[in-house]
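What follows is each chain in one-letter form.
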Amino acid sequence: MVVRLLAFGLRAHRLSDVDGELAFGAGLSTPGVPDLRLTDYTGRILEWINVGQPDERVLGKAASQADQVLLFPFAAGVATWWRTVGPKVAGLPNLSVVQIPHAPVQQLAQTVDRRVSAQVMVIEGQVTMTVGGVDVTFTPEPLQ
């Protein structure tokens, strides 16, 4: 959940560029839909945004349905996953992959309560996310 909130915060600025909507997807129980999506008012998917470590088939499907696909992997095993999946998706020109460091995600996840407020600020590539009054600063790493 923390990474979904982070992804929303990182992409919310796009709403000033387009007439559209940034919305959360149906969730983990519904495969084949984005975790977040930026759509214009005609329904065209401008950005298909996922978090985690999907396989290449999921990324290929997303790339065929959206103008841009953004992926935010964050778990401890990202390097191993990327060595396997990275070469298979290298040919997808509309795919961007940005790794979120695992330790900050764990730290922020511990602050989540039933009612949570979150803020995301990006300055010169550094991200500061505040959840439940706890600030964590980190630098995402582009993988593709």
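Keep in mind the model is a prediction, meaning the values are calculated, not measured.

1. Considering the nonpolar core
Point 1. Judged by nonpolar contacts, the single largest core of 22 residues is most densely connected at Leu6, Ile49 and Phe72.
Point 2. Every element with two or more residues in this core is listed here: helix H1 (2-11), strand S2 (36-40), strand S3 (45-51), strand S4 (68-72), helix H4 (102-109), strand S7 (126-131) and strand S8 (134-138).
Point 3. Ranked by the residues each element gives to this core, the list is headed by H1, at five residues.
Point 4. If sequence neighbours within four positions are ignored, isoleucine 49 has contacts with Ala7, Arg11, Leu22, Pro34, Asp35, Leu36, Leu70 and Phe72.

2. Here's the deal with the pairing of S8
Point 1. In this sheet, S8 lies alongside S7 in antiparallel orientation, the contact comprising five bridges. Residue pairing in the sheet places threonine 130 in a bridge with aspartate 135 of S8.
Point 2. Taking the residues between adjacent antiparallel strands as the criterion, S7 and S8 are bridged by two residues, where glycine 132 takes a positive phi near 60°.

3. Focus on the pattern of salt bridges
Point 1. For the coordinates displayed, the defined rule picks out eight salt bridges.
Point 2. Between glutamate 47 and arginine 11 there is a salt bridge, with its nearest N and O atoms 2.6 Å apart. Taken together, the residues span a long stretch of sequence, with glutamate 47 in strand S3 and arginine 11 in helix H1 at a distance of 36 residues.
Point 3. With a relative accessible area of 3%, glutamate 47 lands in the buried category.
Point 4. When the shortest N-O distance is used, the salt bridge between arginine 14 and aspartate 17 registers 3.5 Å.
Point 5. For arginine 14, a relative accessible area of 19% gives the class buried.

Rules of the game
- Every chain is numbered on its own, with residues counted from 1 as its sequence reads.
- Whole-chain, interface and lining totals are the exception, using all residues; otherwise, since this is a predicted model, local features are given only for residues with pLDDT of at least 70 and side-chain atom pairs are given and counted only at 80 or more.
- Think of the side-chain values as coming from all heavy atoms in the structure, minus any hydrogens and water.
- What we call a nonpolar core is a set of buried Ala, Val, Leu, Ile, Met, Phe, Trp, Tyr and Cys residues that are connected through their side-chain atoms within 4.5 Å.
- Think of it in three bands: residues with accessible area under 20% of the maximum for their type are buried, residues over 50% are exposed, and the middle band is partly exposed, with areas taken using a 1.4 Å probe on protein chains only.
- Helix and strand definitions here come from DSSP, where helices need a minimum of 4 consecutive H or I residues and strands a minimum of 2 consecutive E residues; each element is numbered from the N-terminal end.
- Residue contacts are defined here by distance: any two heavy atoms, one from each residue, within 4.5 Å place the two residues in contact.
- Strands pair, by our definition, only if DSSP identifies at least two bridges between them.
- A pair is scored as a salt bridge if a Lys or Arg side-chain nitrogen falls within 4 Å of a carboxyl oxygen belonging to Asp or Glu.

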